[in-house]
Amino acid sequence: MKRSLSRFSLLVVLLAAASAVGAQPLKRPTYGYTCLDKTKTQLRFPAGRAAQDAFYAKMDSMLLYGTRSVNLWHVGGSHVQADFFSHRMRSNLTELQPDNAATRGFLFPFALAHTNWNHNYYIECTGQWDCGRNIDRGADMDYDFGITGIAATTSDSTATVSFSLNVGQQPSWTFDSLRVMGYGSSDSCYAYVAYQSVDSAMVRFHIPAGETFTLTGLVPESRTAGISYFSSGINGAAVPTWLRCVNLAEDLEVVRPDIVFFAIGVNDAAVPYGKFDSEAFKAGYRRIIAMVEAVSPGCAYVFITNNDTYYRQARKRPKTPNPNAKLVQKAFYELAEEYDGAVWDVFDFMGGMGSSMDWRDEGLMANDLIHFTRTGYELLGDLLFNALIDDWMGEKEKSE
């Protein structure tokens, strides 16, 4: 009787194929940083793991038969807005095998908000725009935010947004349709698209006098089966600010994630010790998870703990390690147990309280001892990718 190709043997085949053609190895090298405890970088499951194994079965189907896409959503604060971490994951996963890049994810002209983004795609606007983010006080009175957490409004009849997905990097993305996310002040407002090539386009907005259009994101969509990696990050965002996004539940229909990487917590913990409310934090997460479950029952969850951060308990006092990181860590283990999810314990493998200093000294963290350098973010992307591969292979190997 002929045996079907198992998950473990499939990954061995991928490893051999990559070696044969001189491509990148399946797992990414993470070098010899002394600040990193690589024995602690695995995914940890406090309870069950059925949803995670179902996710791997979807990956098997995608890689073996090419008949489906696998959708991933990575949500957080500045660590995700920077997109070095999430884009490294996006790139690693799309390089599992050739032609594995499906939908690139959300785009937004962040320059309208005078804020940063990873320039791995090109985007620019013309016309007059006003912009707001879910972290801005009172902004939810002016904008109906969605899954991107940012919005820009224009009444300019000459307004355009142009973008190109590829800026000389690999892998490359293409699309065959474009979803313009947003809303008009009336049904008379609409957008139309001039496709300039398979990886770029210009969007023009038809806005009658006295009307407005609010843009909340662009999704260049591809019918190619493969990895679709969506990331949502806003500097300073916490769980309550994501819950402020009234169209979040509706926009999750666009993603329908098979797995979610939750990385909201650093800003929730940026309060004096004793002020962090673990129960409110978990309750907020449950509301977000309920929205995910409504569109993707049985979705897998990976809770990414806070990194070690330094902060000031009061003005003019020196920065010290934030002890609330331990409370977030504990809350994530409890949520993972509740939802049969995984914990990826960044706080632990960094070295715990005060370890940011060591990561800074090895060029992996910025001097603010909160954010990582680009090298540090890309290391996290490689480490999380390797943790997924190890877990994927390891569980199947146990059943061989």
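Please refer to the structure placed before this passage.
**Q** Explain the overall build of the chain to me, please; I cannot follow it from the model alone.
**A** In terms of helices and strands, the chain carries 11 helices and 15 strands. What you see for the chain is a C-alpha radius of gyration of 21 Å, in line with the 21 Å of a compact globule of 400 residues. Expressed along its principal axes, the backbone C-alpha trace of the chain runs to roughly 65 × 65 × 40 Å. Across the chain, every contact between residues at least 6 apart in sequence was considered, and the portion connecting residues at least 24 apart equals 77%.

**Q** Looking at this structure, I do not really get the nonpolar core. What am I missing?
**A** In a soluble, globular protein the nonpolar side chains are often hidden away together inside. Counting 68 residues, the largest nonpolar core has Trp-73, Phe-163, Phe-205, Leu-218, Phe-262, Tyr-285 and Phe-303 as the members making the most contacts within it. For this core, the element with the most residues is helix α7 (residues 278–295), which contributes 7 residues. Ignoring sequence-local partners within four residues, the contact set of Tyr-285 consists of Val-239, Phe-262, Ala-263, Ile-264, Phe-303, Phe-332 and Leu-335. Counting 48 residues, the second-largest nonpolar core is a separate cluster that includes Phe-84, Leu-93, Leu-364 and Leu-379.

**Q** Teacher, can you tell me more about the sheet that holds strand β9 (residues 213–221) here?
**A** Hydrogen bonding along the main chain pairs the strands of a sheet, whether they run parallel or antiparallel. With respect to topology, 4 strands assemble into an open sheet ordered β3-β4-β9-β6, the strand pairing being antiparallel. Here the strands that pair on one side only, and so sit at the sheet edges, are β3 (130–133) and β6 (177–184). For this sheet the average axis-to-axis angle between neighbouring strands, irrespective of direction, equals 30 degrees.

**Q** Sorry, what's going on with helix α4 (residues 84–94) here?
**A** For α4, the tally of buried residues reaches 10 of 11 residues, placing the bulk of the element in the interior. Within the sequence span of α4, burial applies to Phe-84, Phe-85, Ser-86, His-87, Met-89, Arg-90, Ser-91, Asn-92, Leu-93 and Thr-94.

**Q** Sorry if this is basic, but what is going on with the pattern of salt bridges here?
**A** Evaluation of the coordinates by the stated rule reveals 24 salt bridges. Here Asp-348 makes a salt bridge to Arg-44, at a shortest N to O gap of 2.8 Å. Placement of the pair is Asp-348 in helix α9 (residues 346–350) and Arg-44 in the loop between α1 (7–20) and α2 (50–65), with a sequence separation of 304 residues. Residue classification places Asp-348 among the partly exposed positions, given a relative accessible area of 22%. Arg-360 serves as the salt-bridge partner of Asp-361, at 3.3 Å between the closest nitrogen and oxygen. Residue class for Asp-361 comes out exposed when judged on its relative accessible area of 57%. Judged by its relative accessible area of 28%, Arg-360 falls in the partly exposed class.

**Q** How do you make sense of the environment of Val-346 when you look at a structure like this?
**A** Mapped onto the elements, Val-346 comes out in helix α9. Its relative accessible area of 4% is what places Val-346 among the buried residues. A sequence separation of 43 residues divides Val-346 from Phe-303, and the C-alpha atoms of the two residues are 10.0 Å apart.

**Q** Would you explain the packing of α7 against helix α8 (residues 324–338) in this entry?
**A** Two measures define how a pair of helices packs: the angle their axes make with one another and the distance between the axes. Two elements in contact, α7 and α8, have axes separated by 10 Å at closest approach and are oriented at 40 degrees. In terms of their interaxial angle, α7 and α8 are classed as oblique. In the crossing of α7 with α8, the sense of the turn from one axis to the other is right-handed. Of the residues in α8, those touching α7 at Ser-278, Phe-281, Lys-282, Tyr-285 and Arg-286 are Leu-327, Val-328, Ala-331, Phe-332, Glu-334, Leu-335 and Glu-338. Here the contact of α7 with α8 is built from residues that sort into 7 nonpolar, 1 polar and 4 charged.

**Q** Could you clarify how one ought to interpret the pairing of strand β7 (residues 190–197) in this entry?
**A** In the case of a regular strand, side chains alternate between the two sheet surfaces. When β7 meets strand β8 (residues 200–206), the two strands line up antiparallel, connected through 7 bridges. Considered in β8, the bridge of Tyr-192 is made with Arg-204. Counting the residues that bridge the hairpin from β7 to β8 gives 2 residues.

**Q** Would you take a moment to explain the sheet that holds strand β10 (residues 227–233) for this structure?
**A** One open sheet holds the 5 strands; their spatial order is β10-β1-β11-β12-β15, and the pairing between them is parallel. In the strand order of this sheet, the two ends are held by β10 and β15 (342–344), each with one partner. The sheet shows a mean angle of 20 degrees between the axes of neighbouring strands, taken without regard to direction. As paired strands, strand β11 (residues 259–263) and strand β12 (residues 300–304) are joined by 4 bridges and run parallel to one another. Of the residues in β12, the one forming a bridge with Phe-261 is Val-302. Set on the sheet, α2 makes contact with β1 (70–76), β10, β11 and β12; between it and β1 the angle comes to about 130 degrees.

**Q** Honestly, the packing of helix α6 (residues 248–255) against α7 in this entry has me stumped. Any pointers?
**A** Running from amino to carboxyl end, α6 crosses α7 at an angle of 45 degrees, the nearest separation of the two axes being 9 Å. Between α6 and α7, the crossing angle belongs to the class labelled oblique. Between α6 and α7 lies a crossing of right-handed hand. Contacts between α6 and α7 involve Leu-248, Ala-249, Leu-252 and Glu-253 on the former and, on the latter, Met-291, Val-292 and Val-295. For the contact of α6 with α7, the per-class residue count stands at 6 nonpolar, no polar and 1 charged.

Calculation rules
Residues numbered from 1 in each chain as written. Predicted model: local features only at pLDDT ≥ 70, side-chain atom pairs only at ≥ 80, totals over all residues. Heavy atoms only, no water. Helix = DSSP H or I, 4+ residues; strand = E, 2+ residues; numbered from the N terminus. Rg over C-alpha atoms; globule rule 2.2 N^0.38 Å. Contact = heavy atoms within 4.5 Å. Core = buried A, V, L, I, M, F, W, Y, C linked by side-chain atoms within 4.5 Å. Buried < 20%, exposed > 50% of the residue type's maximum accessible area, 1.4 Å probe, protein only. Pairing = 2+ DSSP bridges. Axes fitted to C-alpha atoms, helices over the stretch in contact; angles between N-to-C directions. Salt bridge = Lys/Arg side-chain N within 4 Å of Asp/Glu carboxyl O. Parallel < 35°, antiparallel > 145°, perpendicular 65-115°, else oblique. Left-handed = near helix turned anticlockwise from the far one by under 90°. Nonpolar A, V, L, I, M, F, W, Y, C, P; charged D, E, K, R; others polar.

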